[in-house]
Amino acid sequence: MSAGLKHSTSVSSLASMDKGTNNEDITLSSLHSHYSRRTSANMVLGPGGPSSGYQSHVRPENRQRQTDMTMERMDYDDDKRQRSQAKTKRKKRRNMITANLSGTRYDVIRQMVEHIGFSVAKDDDPTCFLIWNDSFVSTEKISDLKPYQRINHFPGMGEVTRKDNLARNMMKMAKAVPEEYNFVPRTWILPSDYNIIQNYMKDLKAHKKSKTFIVKPSNGAQGHGISLYKNLEKIPAQEHFIVQEYVEKPLLMDGYKFDLRIYVLITSCDPLRVFLFNDGLVRMSTEKYLPPAENNISHLFMHLTNYSVNKHNEFYEKGASLDAGSKRSIKSFNEYLRRNDYDVALLWRNISDMIVKTLIVAEPHILHAYRMCRPGAPAVGDSVCFEVLGFDVLIDRKLRPWLLEINRSPSFGTDEKIDFDIKSALIEDTIRLLNIKMSDKKKNMTAQKLEAQKRLFRPSKRVSDTADMTEYDKKRASIERRKDELKELLSRVKKAGSREEYENRNRGRFIRIFPSDDKVRQGKYIHLLEAAYSTFMSGRATSMHKEIQLIYNNKLKESDIMDMIAECESDEQQGRLSFEGKRVAGTRGPKPLASMPSSDQFPGTDREEDEEESESASPPSSPYHRGSRSRPGSVNSRLSNNRTPSIMGSRPNSGMVQPGGRPMSSVGPGQSRSLSRQAGGQKLTNIQRSNVDDNFLTNVIREREEELVRRTLQALNDMRIKFPGKSDQEADTILDKLYENWKFHKPRIASYWLVKLDSIKRRKVIDIVRSNVRAVLQRTWRVTDVDSLPVYRMFSRVFNRLLWSHGQGLWNCFASSGNQASWETIFSKSSDTVDEVELNCCRRIVQLCKDCLLIVYQFAAEAKNASQGGDRENEAQVTQRSESKPSLIPPNTQTMSQRYSKLYARTESTS
C-alpha cells in the first residue's frame, strides 16, 4: 500500500515534500494539505481505496494515469486560487488611498498614515492622493497636481516663514493698522536698515539707555547662527541678518525661560480656513534665567529656548511625564497658569487673535500664488494644498504674547514620548480633517472633462454682437448672467455648509479660529483682510474687497438664493412670452381687466408690506432690491389703482388655548411673548440664563416653538376664502361646484391664470393669502416682526414657489396626484429640516392659494357675464356686491381683538 501511495504522488508534491523534509520545517498546515491531497487522489479511484474491489478490474497503468491527472488538476486549482488571491489583493490595494512619503524622513508620519488606513507608496509616485514633503515644494509641482490630490505646502508661504519677509510685511501692516499689529518685537533687516539701526543706537546712548538685541540669520533654522548683542556697532554691515529687540522680562517656569511651539493648520486659502491645535510643546532653556548682561550674554543655554540648542547641554532633562523635564506640554502649562491665578482664557484669545492677524498678512500673497499655480480652478473646489505651521510664541510677565518666528516645516521628530503623543495626534487629526476620499479621483476627473468641454464649445463673443442685440436679447443676457452668478453663489454656500459640517464632526483636537463664530471678531478680521489687500495688492483692492464680502460676509441662505433664481426664471419666462406676443414696447403684461374689482387696504400698511415682501425676496446685491420708495415695475407703481379682491375668513381666538384650558387672549406679566431667538430679539424674564442649563433652555424653546407651530396649523385650518357679497356657505358651495366640474373649468381657469393675468396680478392673488398668514402669525406668536420667524421664511419660500415660472408653480398644484407635491422640492434641495406639522402648514397654505385663485376667477367670470348679458339689474348687483364687500381694515376706533374678530369668519375646516 505504501508503494501505491508513492506512485500516486505527483512530481510537484514530492518536490514540496522533499523541500520541507530537507529544511526540517514541515508545519502542521503543510502536512494537513499534503495528506488531504493524497487522500483526495485515492478517493477519486473509488470508494474502497486502492485495495478495494472497485479497483480490482482497473488496470494499473490506467489507475496511475487517473491519479496523475487528478493531482495535476489539483495543482492547477491551487495556482488559480493563488493568482485570484493575488489579484484581489492588488485590486484592494488599488482601491486604497495612497500616500507619497518619499519626501519626509519622519517615521511618525508614516505610522499615522497607515493607522488611518492609507497605503504608503514605495516609490516617489506623483499620482498619490497625499504627498508629504519636509522641504520646499516648487510651484510647477503644485501646478501639475490633480484636483483630488493634497500636498502639505502652500506657494507663497515664505512671505511669513522667512524671518526677513515676516519682518518686512509686519512693518507694512503696522503702518496701516498700528493698533492691531504690535505683537512683534521691533525688528530691523540688514543690510538695508543698517544706517537706521546705527542712528537708533546713538539715540539710546544719548538718553543713557541700554537694550539687548538678538541677531538671527534671515533664513536660518533650529537656532543656528543666533547671538545676542548689547552694542550693535559690532554687527557686520553686509551680512543678511534680522535684528530684534530682546524681550528682557519673559514669564518664567521654575526659574527657566521658555517659549511655546503652537501648531496651526491651514486647510484652504480660497477661502482661508485656519485651525489651532489644542496642545503643543513648552520648550525650556537649561540654565536659570538672569537678565542679559555683559557676563552672561554669551550663555545661549540661558537665553535661547530652541530644542536643537539645549539638547546638547548636560543639564537637559528628558521628562518621564508631560509636566516634567525640559520639554513639556501646553496643557501642563495651562494648569501651571491656573495654579498661579493667571487668566488662561484671555491668554489664548490673544494668541489665536495674533495667529489669525499674522495669516491675514500672508493671505494676499498665498492666494495670488495659489491662483497663479491653479488657474481656472473652481472657487468652491477643495484646496490641493494644506500646511502645518509651527508658531514660536514668547510670553512676558504681563501675560502678553510675542511672535518670534514661524516654521514652515516644524520638526516631527519623536526623541521623547511627549513628542510622539502630541505630534502623532496632530498628524492624525490633520489627515482626517483633509477629508480625502477615494471617490474624489473619479468625481474630480469627470468634472474636469465637463469643464474642458464647456470651454471648448463656448460660443465666441464679439463686440459687434452686443451692438446688434435687441432690447429683449440684452435683457435676456442680463438675466442669464444674474442666474449664473446666483448658481455659483448657491454652489459656494452649499459647499461651505457641507465643509463646515464635516469639520465640526471630524476636527478632533483642532479648534477653528478663522472664520470665527464670534461675529464681532469676524467683522474685525474682515476689516483687516481688506486692509491687507489694500496694502499688498493695491491694484486689485477694489475687486478683492467685493470678493471678501461675498465669501466671508455673505448673509444669504440656500433658500434665499434659490428663491432669487426662481425669480430670475420667472422674469425670463415672462420676457419670452412678452416677445412672442409682440406686445407694444414700454408696456408689460396685459391691459388691466375691467372685471377686476379693487379693495380697501390698511392705511399706510398694505403698500409697505408689498415693499417689505420685495425686500425680503431680494438681497442688497439683487437687481430687484429696493433702492427707493418705488421702482419701475413694482407693485406700488403699477397697481396703485387696481388690486385683486378677496377676504380671508378664520375663526377668532376660540379653540386656541394653552395647556390647562387657559385661553391665549392675554399674556401674563411674567410670560414671554416669544421664545424664538429670531422673533423680535425678546429675552426671557423669569428664567435667568446663568442659572439654567443650556440644554434645558433649548428644550423649553423648542417645545414652545413646536406648540406655536401647532397653533398656527390650527388657525390655518380654520381659515376660509370669502367671496365678496356672499356668505361662507355660499363660497364653499361655489368651490365645491368648481372642483366637481373641474374638467369644464380647467381650460378656462388655466387661460385666466397663465395668460390673462400678468405677474403683478398673480402676485396680488397670492398676497391675499400671504397678508392674512402674516396676521395669523402676528396673533399666534405675539410678535410684530414676522419676517424674522423661521416658519414665515419657510412660508415665503412656498409663496415664491407658487409664483415660479410665470405662475406655473401654483397651476401644477391643480394637476394630477403625481405633480401635486412639486412645490415640495424646495425642501428637498435645502439642508433645513421640516417636520410634519410645518409641512402640513405649507400644504394648507397651498390649498388656500388654490381656493383664492378659484374665487377670484369666479368673481371675474360673473362680472364678465353680467356686463355681456346687458342685464342692468345683474350689473347693479355685481357693482353693489363689489362696493359693499367687507373691508380688510376695520375702523381705527376698533380694538385689535375686534379687528381680528371681524376679519376672520368662523367656518368649518376642509381637507
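Residues numbered from 1 in each chain as written. Predicted model: local features only at pLDDT ≥ 70, side-chain atom pairs only at ≥ 80, totals over all residues. Heavy atoms only, no water.

1. Brief notes about the overall build of the protein chain
Test applied: Counting from the N terminus, the helices are DSSP H or I runs at least four residues long and the strands are E runs at least two residues long. Only protein chains enter the accessibility calculation, which uses a 1.4 Å probe; a residue is then buried when its area is under 20% of its type maximum, exposed when over 50%, and partly exposed in between. Whether two residues are in contact is decided by their heavy atoms, any of which lying within 4.5 Å being enough. For accessible areas, the Shrake-Rupley method is used with a probe of radius 1.4 Å. Any residue's cover is judged against the shown protein chains and nothing else.
Counting secondary structure elements, the protein chain contains 32 helices and 17 strands. Counting every position in the protein chain, which comprises 911 residues, the buried fraction comes to 47%. In the protein chain, of all internal contacts separated by at least 6 residues, the share reaching a separation of at least 24 is 73%. Here the protein chain displays about 48,100 Å² of accessible surface, and carbon together with sulfur accounts for 51% of that area.

2. Side note on the pairing of strand 3 (residues 130-133)
To keep it simple, the criterion reads: At least two bridges found by DSSP between two strands are what make those strands a pair.
The alternating pattern of strand 3 places Leu130 and Trp132 on one face and Ile131 and Asn133 on the opposite face, and all of these are buried. Bridge count for strand 1 (residues 98-103) against strand 3 is three bridges, and the pairing is parallel. Counterpart to Asn100 in the pairing with strand 3 is Ile131. Where strand 3 and strand 4 (residues 150-151) come together, two bridges link them in parallel fashion. From the neighbouring strand, Ile131 faces strand 4, where its bridge partner is Ile151.

3. Comments concerning the nonpolar core
Considering soluble globular proteins, one finds that nonpolar side chains tend to be buried as a cluster. Keep this limit in mind: Take the buried residues of types Ala, Val, Leu, Ile, Met, Phe, Trp, Tyr and Cys, join any two whose side-chain atoms come within 4.5 Å, and each joined set is a nonpolar core.
By size, the foremost hydrophobic cluster in this structure holds 70 residues, and its most contacted members are Tyr181, Ile262, Phe333, Ile351, Ile355 and Phe391. The dominant element in this core, judged by the number of residues it contributes, is helix 13 (residues 344-373), at 15 residues. Apart from the residues lying within four places of it in its own chain, the contact partners of Phe333 are Leu251, Met253, Phe258, Leu260, Val282 and Leu347. Ranked by size, the runner-up nonpolar core spans 60 residues in total, among them Leu735, Val773, Phe814 and Ala860.

4. Overview of the pattern of salt bridges
Condition: Counted as salt bridges are all cases of a side-chain nitrogen of Lys or Arg within 4 Å of a carboxyl oxygen of Asp or Glu.
All chains considered together, the criterion is met by 37 salt bridges. A salt bridge links Lys357 to Glu180; its shortest N-O distance comes to 2.4 Å. Highlighted residues: Lys357 in helix 13 and Glu180 in the loop between helix 8 (163-176) and strand 5 (187-189), separated in sequence by 177 residues. What makes Glu180 buried here is its relative accessible area of 17%. Three or more residues joined by partner-sharing salt bridges are found here, namely Arg273, Glu500, Glu503, Arg512 and Asp517.

5. So, the packing of aromatic side chains
Keep this limit in mind: Each Phe, Tyr or Trp ring, with Trp reduced to its six-membered ring, pairs with another whose centre is within 6.5 Å; inter-plane angles below 30 degrees give stacked pairs, above 60 give edge-to-face pairs, and intermediate values give tilted ones. Any Lys NZ or Arg CZ that is within 6 Å of a ring centre and within 35 degrees of that ring's normal is treated as a charge sitting over the ring.
Inspection of every chain in the model, using the stated rule, returns 20 aromatic pairs. Considering the side-chain rings of Trp132 and Phe412, the 6.1 Å spacing of their centres and the 75° angle between planes classify their relative orientation as edge-to-face. A residue pair is termed long-range when its members are at least 10 positions apart, and Trp132 in strand 3 and Phe412 in the loop between strand 14 (401-407) and helix 14 (417-434) qualify at 280 residues. Relative accessible area serves as the criterion here: at 4%, Phe412 is assigned to the buried category. A centroid spacing of 6.0 Å and a plane angle of 55° characterise the contact between Phe514 and Tyr525, whose relative ring orientation is tilted. Within this pair, whereas Phe514 is found in strand 15 (residues 510-514), its partner Tyr525 is found in helix 18 (residues 519-536), the two being separated by eleven residues in sequence. Residue classification places Tyr525 among the buried positions, given a relative accessible area of 1%. Ring pairing ties together the aromatic residues Tyr106, Trp132, Phe386 and Phe412, which thus form one cluster. A cation sits over an aromatic face here: Arg748 above Phe744, 3.9 Å from the ring centre. It is Lys850 that lies over the ring of Phe814; its NZ or CZ is 5.2 Å from the centre.

6. A few points about the packing of helix 8 against helix 13
Defined as follows: With axes taken as lines fitted to C-alpha atoms, and helix axes fitted only over the stretch in contact, angles between N-to-C directions fall between 0 and 180 degrees. Angle categories: roughly parallel below 35 degrees, roughly antiparallel above 145, roughly perpendicular from 65 to 115, and oblique for all the rest. Put simply, Ala, Val, Leu, Ile, Met, Phe, Trp, Tyr, Cys and Pro go in the nonpolar bin, Asp, Glu, Lys and Arg in the charged bin, and everything else, Gly too, in the polar bin.
Between helix 8 and helix 13, the least distance of the axes is 10 Å, while the angle of their chain directions is 100°. What the angle tells us is that helix 8 and helix 13 run roughly perpendicular. On the side of helix 8, the interface is formed by Leu166, Asn169, Met170 and Met173, while helix 13 contributes Thr358, Val361 and His365. Residues that form the contact of helix 8 with helix 13 fall into these classes: four nonpolar, three polar and no charged.

7. A look at the sheet that holds strand 2 (residues 119-120)
In a beta sheet, neighbouring strands pair by backbone hydrogen bonds and run either parallel or antiparallel. Pairing within the open sheet is parallel, and its four strands lie in the order 2-1-3-4. Strands at the two margins of the open sheet, each flanked by one partner only, are strand 2 and strand 4. Relative to strand 1, helix 5 (residues 107-116) is tilted by about 175°, and along the sheet it contacts strand 1, strand 2 and strand 3.

8. A few points about the sheet that holds strand 5
Here we have four strands laid out as an open sheet, ordered 5-8-6-7, and antiparallel in their pairing. On the outer flanks of this sheet lie strand 5 and strand 7 (227-229), each paired with one strand and no other. Ignoring which end each strand starts from, the neighbouring axes of this sheet average 25° apart.

9. A word on a positive patch on the surface
Worth spelling out the cut-off: Residues forming no salt bridge and having over 30% relative accessible area are the ones grouped into patches, like charges within 9 Å of each other and nonpolar side chains (Val, Leu, Ile, Met, Phe, Trp, Tyr) within 5 Å. Counted as positive: Lys and Arg. Counted as negative: Asp and Glu, with His and the chain ends omitted from the count. Throughout, a charge is located at the NZ atom of Lys, the CZ atom of Arg, the CG atom of Asp or the CD atom of Glu.
On the surface, a cluster of positive charge is made up of Lys249, Arg397, Lys398 and Arg400. Considering the arrangement of structural elements, one finds Lys249 in the loop between strand 8 (241-245) and strand 9 (252-253).

10. A word on the environment of Leu486
Relative to the elements of secondary structure, Leu486 occurs in helix 17 (residues 471-506). Taking the C-alpha atoms as reference points, Leu486 and Met564, separated by 78 residues in sequence, lie 7.6 Å from one another. Residues in contact with Leu486, not counting those within four places in the same chain, are Ile561, Met564, Ile565 and Cys568.

11. Quick word on the environment of Asp563
Position of Asp563 relative to the elements: it lies in helix 20 (residues 558-580). For the pair Asp563 and Val798, spaced 235 residues apart in sequence, the C-alpha to C-alpha distance is 9.5 Å. Those residues in contact with Asp563 that lie beyond four places of it in its chain are Arg797 and Asn800.

12. Brief notes about the pairing of strand 11 (residues 272-284)
Of all 13 residues that make up strand 11, twelve are buried, and the element is covered over most of its length. As defined by bridge partners, strand 10 (residues 256-269) adjoins strand 11 across ten bridges and the pair is classed as antiparallel. Residue pairing in the sheet places Val264 in a bridge with Leu276 of strand 11. In terms of strand pairing, strand 11 meets strand 15 through four bridges, oriented antiparallel. When the bridges of strand 15 are listed, Val274 appears paired with Phe514.

13. Side note on unusual backbone geometry
With an omega dihedral of 10°, the bond running from Leu190 to Pro191 counts as a cis peptide bond. In the Ramachandran plot, Arg782 falls in the positive-phi region, its phi being about 60° despite a non-glycine side chain. Turning to its location among the elements, Arg782 is positioned in the loop between helix 26 (759-781) and helix 27 (790-802).

14. Some remarks on the state of the cysteines
So the rule is basically this: The disulfide criterion is simple: two cysteine sulfur atoms within 2.5 Å.
A full pass over the atoms with the stated rule returns zero disulfides. The thiol of Cys269 is unpaired, and the distance to the nearest cysteine sulfur, on Cys385, comes to 7.1 Å. Assessed through its relative accessible area of 1%, Cys269 is described here as buried.

15. Digging into the side chain of His303
On the secondary structure map, His303 appears in helix 10 (residues 300-303). By relative accessible area, His303 is classed as buried at 2%.

16. Notes on helix 14
Helical periodicity: at 3.6 residues per turn, an α-helix aligns residues three or four positions apart in one direction. So the rule is basically this: For a helix, the expected span equals 1.5 Å multiplied by the residue count minus one.
Counted at 1.5 Å a residue, the expected span for helix 14 with its 18 residues is 26 Å, and the 26 Å between its end C-alpha atoms agrees. Burial runs high along helix 14: 14 of the 18 residues are buried.

17. So, the side chain of Lys722
Our working rule: Any pair of nitrogen or oxygen atoms within 3.5 Å is treated as a polar contact; in protein, a donor-acceptor pairing is required on top of that, and neighbouring residues in sequence qualify only through side-chain atoms on both sides.
Tracing the chain through its elements places Lys722 in strand 17 (residues 720-722). At a separation of 2.9 Å, a polar atom in the side chain of Lys722 contacts the side chain of Asp728.

18. Description of the environment of Leu738
Relative to the helices and strands, Leu738 is located in helix 24 (residues 728-740). For the pair Leu738 and Ile855, spaced 117 residues apart in the sequence, the C-alpha separation amounts to 9.4 Å. Ignoring anything within four residues of it in the chain, the contact list for Leu738 reads His745, Leu854, Tyr857 and Gln858.

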